[in-house]
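# Descriptive analysis of the structure
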Amino acid sequence: MSSPQPLIFRKGLDMKDAVAGELAAAYDSALVDRVRGNDFTHSSGRLVVHLAREFGFCYGVDRAVDYAYQARRRFPGRNVFLTGEIIHNPHVNDRLRTEGIRFLSDPTEHPDQLGPDDVVILPAFGVTVTEMARLSNQGCTLVDTTCGSVLNVWKNVVRYAREGFTSIIHGKVKHEETRATASQALKYPHGRYLVVLDREEAGMVCDYIRHGGDREAFLTRFAPAMSPGFDPDVDLERVGCANQTTMLMSESLEIGEMFRAAMRDRYGEEALASRFRAFDTICSATQERQDAVIALLEHERLDLMLVVGGYNSSNTCNLARICAAKVRTYHIADPECMLSGEEIRHRPVGAPSTTAGVEAVTRSWLPGSGPLSVGLTAGASTPNNIVGEVIRKLERFCE
Ligand code: SF4
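The structure presented is a predicted model; accordingly, all values stated were derived computationally and were not measured.

### Concerning the nonpolar core
Membership of the largest hydrophobic core comes to 31 residues, with the highest contact counts inside it found for Val-65, Ile-86 and Ile-121. Mapped by element, the contributors of at least two residues to this core are helix 1 (16-27), helix 3 (59-74), strand 4 (80-82), helix 4 (90-98) and strand 6 (119-122). Sorting elements by how many residues they give to this core places helix 3 first, with seven residues. Excluding residues that lie within four positions of it along the chain, Ile-86 makes contacts with Ala-64, Val-65, Ala-68, Val-92, Asn-93, Leu-96, Ile-121, Pro-123, Ala-124 and Phe-125. Among the nonpolar cores identified, the runner-up in size contains 30 residues, and Leu-304, Tyr-330, Cys-337 and Trp-365 belong to it.

Here it is as C-alpha cells:
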C-alpha cells in the first residue's frame with residue numbers, strides 16, 4: 001500500500017492577519033519601540049542603556065513563530081506538533097505549549113505513531129533528511145518553517161556532494177541546524193561531511209590535509225562529527241566549506257581561508273579550482289547583529305554589557321563572545337536571571353552552547369552608585385517583550 005501524500009505548507013497558511021494581534025500582544029514591547037525611536041538609547045536617573053541597532057527576532061524566527069500560530073488557528077480540531085524547540089528561546093516555546101502545540105521531543109510523545117490527521121511544524125533550523133522522509137511517509141500535514149538562509153546552505157552542501165566534494169561544516173555537531181545540514185550531504189551515495197567547531201579543530205584537519213598523520217587518532221577525534229565511513233586519506237582530497245548560519249562570522253571566514261591555504265599547500269595553486277569550494281553561507285541576520293554589537297562596543301563607553309537569549313542559542317553565545325572580549329559581559333536567558341542589583345545568574349561566556357544547564361552567579365554586578373552605562377543586545381530568538389523587561393528591571397535596580 002502506498003503512503004498518503006503529505007500536505008506541505010511552506011508559504012504560510014493564509015491566517016497571517018488573524019494571528020497578527022495575538023503575536024503583537026505576546027512578543028512586542030512599547031518600551032523597546034520607544035528606545036528604538038530615541039536613537040537606541042534609554043536614560044533613567046543614573047542609568048543609560050545603549051541598545052544595539054540590530055537585535056532580537058530575525059526574519060527566520062519571526063516567520064517560524066508566525067507560522068506556528070497560524071497552524072494552530074488553521075487546524076483547530078487536530079493535533080499540532082513541533083518536532084522540538086521551534087527556536088532556542090524558552091519563553092517562546094512555553095507560550096506555544098500553552099497554545100496547545102505539542103512537542104514530539106517530549107518523552108511522552110510517540111513520533112512513530114503519527115498519521116495523516118496530525119499536523120507537524122518543522123522548525124526554522126530545519127530537520128534531517130531522515131526525519132523529513134519519515135514524516136512524509138506517515139502522511140502528516142507539514143508546516144515547513146525552515147529558514148531561507150538555512151535552505152541556502154543546504155543547496156551548497158547538496159551541490160558539493162553531487163560534485164564529489166566533502167562538506168566541511170563550521171558548526172556545532174549537536175545543534176539541530178548542523179545535524180540537518182550535514183544530512184543533506186548524504187543525499188548522494190558518495191556524499192561526505194565533516195563538522196569542525198572552531199579554529200583549533202579546523203587547524204587539526206588542515207594539518208592532516210598538508211602532512212597526513214595518525215589516521216586512527218583522527219577518526220577517534222572526529223568520530224561524532226563525520227559522515228559514516230569517512231576516510232580522511234580519501235575524503236579530504238576535495239573539500240567545500242559551509243557553516244551553521246549562526247556562527248561567528250569572522251571565524252567562519254577565517255576557517256574557509258585556512259582550508260583554502262591547506263589545499264593550496266598540499267596540491268598547488270593550479271589545483272585549487274578543482275579541489276576547493278567556498279560559498280558565503282553566513283546568514284545576514286546573524287551578521288547584522290554581530291556588526292551592530294561591534295559598532296556599539298566601538299562607539300560607546302560601556303560599564304557592562306547584557307546579552308539576552310537562550311543558553312543553547314548559538315547566535316546569542318557568539319554575541320556574548322564578541323562583547324566579552326571588550327567589556328564585562330553577562331549572558332542571561334531572561335530578566336529573571338537579574339536576581340537583584342547585587343546578584344545576577346548568567347551563562348559563563350565560552351561554555352559549550354549545547355549545555356543549557358551551565359550557569360554562574362556573580363555578586364556585585366551593578367555598581368551601587370554613580371552614572372552607569374549599560375550596553376544591551378539580544379539573540380535572534382529573543383522577543384522584544386523580554387528585552388523590554390530587562391530594561392525595566394535595570395531601571396528598578398538603579399533607582
Ligand atoms: S538566525 Fe539566520 S538562518 Fe537562523 S532563522 Fe534567523 S535568519 Fe534564519
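Here the narrative resumes.
### A short note on the layout of surface pockets
Taken as a whole, the second largest pocket spans an internal volume of roughly 360 Å³. Along the walls of the second largest pocket sit 21 residues, with Leu-23, Tyr-27, Asp-28, Phe-57 and Asp-62 positioned nearest its centre. Only helix 1 and helix 3 provide two or more residues apiece to the lining of the second largest pocket. With seven residues, helix 1 is the largest single contributor of residues to the lining of the second largest pocket. Along the lines of polarity and charge, the residues of the lining of the second largest pocket split into ten nonpolar, two polar and nine charged.

### Re the sheet that holds strand 5 (residues 102-103)
Read across the sheet, five strands follow the order 1-7-6-4-5 without closing on themselves; strand pairing throughout is parallel. Edge positions in the sheet fall to strand 1 (8-9) and strand 5, since each has one partner strand and no second. As judged from the two bridges shared by strand 4 and strand 5, these two strands associate in the parallel manner. Directly across from Leu-82, in strand 5, lies its bridge partner Phe-103.

### Digging into unusual backbone geometry
Phi is positive for Phe-40, which is not a glycine, with a value near 60°. Tracing the sequence through the fold places Phe-40 in the loop between helix 2 (30-37) and strand 2 (41-44). On the basis of relative accessibility, which here comes to 13%, the residue Phe-40 falls in the buried class. Despite not being glycine, Ser-364 shows a phi value in the positive range, around 55°. Counting through the fold element by element, Ser-364 comes out in the loop between strand 15 (360-363) and strand 16 (372-378).

### Some details on helix 2
Residues that lie three or four places apart on an α-helix share one face, since the helix turns once every 3.6 residues. Within helix 2, the full set of buried residues consists of Leu-31, Val-32 and Val-35. The buried residues of helix 2 occupy an angular sector of 95° when projected down its axis, which confines them to one face. Exposed and oriented more than 90 degrees from the buried face of helix 2 are Ala-30 and Gly-37. Taken together, the buried residues of helix 2 touch strand 2, strand 3 (47-51) and helix 15 (384-397). With its phi angle positive at about 55°, Asp-39 sits one or two positions after the end of helix 2.

### A closer look at the sheet that holds strand 2
As summarised here, the arrangement of the five strands in space is 2-3-16-12-13, forming an open sheet in which the pairing is mixed. If you trace the sheet from one side to the other, it starts and ends with strand 2 and strand 13 (329-332), each paired once. Across this sheet, the average inter-strand angle for adjacent strands is 20°, counted without regard to direction. Where strand 12 (residues 304-308) and strand 13 come together, four bridges link them in parallel fashion. The partner of Met-305 across the bridge, within strand 13, is Thr-329. Strand contacts of helix 15: strand 2, strand 3, strand 12, strand 13 and strand 16, with the helix running at about 165° to strand 16, the strand carrying the most contacts.

### Thoughts on the environment of Val-387
Mapping Val-387 onto the fold places it in helix 15. With residues near it in sequence (within four places) discarded, Val-387 still touches Val-32, Leu-51, Phe-55, Leu-376, Ala-378 and Thr-382.

### A closer look at the site of the ligand
Residues in contact with the ligand, as listed here, are Cys-58, Tyr-59, Gly-60, Cys-147, Ser-149, Val-150, Thr-245, Thr-246, Cys-283, Ala-285 and Thr-286. Given that more than half its atoms are within 2 Å of the pocket grid, the ligand belongs to the largest cavity. At the level of elements, helix 3, helix 6 (148-162) and helix 13 (284-299) are the ones that each hand at least two residues to the shell around the ligand. Across the shell around the ligand, the residue classes tally to six nonpolar, five polar and no charged.

### With respect to the state of the cysteines
Applying the stated rule across the entire model yields zero disulfides. Not part of a disulfide, Cys-398 finds its nearest cysteine sulfur in Cys-337, a span of 17 Å. For Cys-398, a relative accessible area of 6% gives the class buried.

### Comments concerning the packing of helix 1 against helix 3
Contact geometry for helix 1 and helix 3: axes closest at 9 Å, N-to-C directions at 120°. When the axis of helix 1 is compared with that of helix 3, the two are oblique. When you trace helix 1 past helix 3, the crossing you get is right-handed. Touching Lys-16, Ala-18, Val-19, Glu-22, Leu-23, Ala-26 and Tyr-27 of helix 1 are Val-65, Asp-66, Tyr-69, Gln-70 and Arg-73, all from helix 3. Residue composition of the contact of helix 1 with helix 3, by class: seven nonpolar, one polar and four charged.

About the cut-offs
Residues numbered from 1 in each chain as written. Predicted model: local features only at pLDDT ≥ 70, side-chain atom pairs only at ≥ 80, totals over all residues. Heavy atoms only, no water. Core = buried A, V, L, I, M, F, W, Y, C linked by side-chain atoms within 4.5 Å. Buried < 20%, exposed > 50% of the residue type's maximum accessible area, 1.4 Å probe, protein only. Helix = DSSP H or I, 4+ residues; strand = E, 2+ residues; numbered from the N terminus. Contact = heavy atoms within 4.5 Å. 1 Å grid on protein atoms, 1.4 Å probe; cavity = no way out; pocket = protein on both sides within 12 Å on 5 of 7 lines; lining within 4 Å. Points joined across faces, edges and corners; volume = space filled by probe spheres on them. Nonpolar A, V, L, I, M, F, W, Y, C, P; charged D, E, K, R; others polar. Pairing = 2+ DSSP bridges. Arc of directions from axis to C-beta. Axes fitted to C-alpha atoms, helices over the stretch in contact; angles between N-to-C directions. Near = heavy atom within 4 Å. Sits in = over half its atoms within 2 Å of the grid points. Disulfide = S-S within 2.5 Å. Parallel < 35°, antiparallel > 145°, perpendicular 65-115°, else oblique. Left-handed = near helix turned anticlockwise from the far one by under 90°.

The quantities given are spatial measurements derived from coordinates; they are silent on function.
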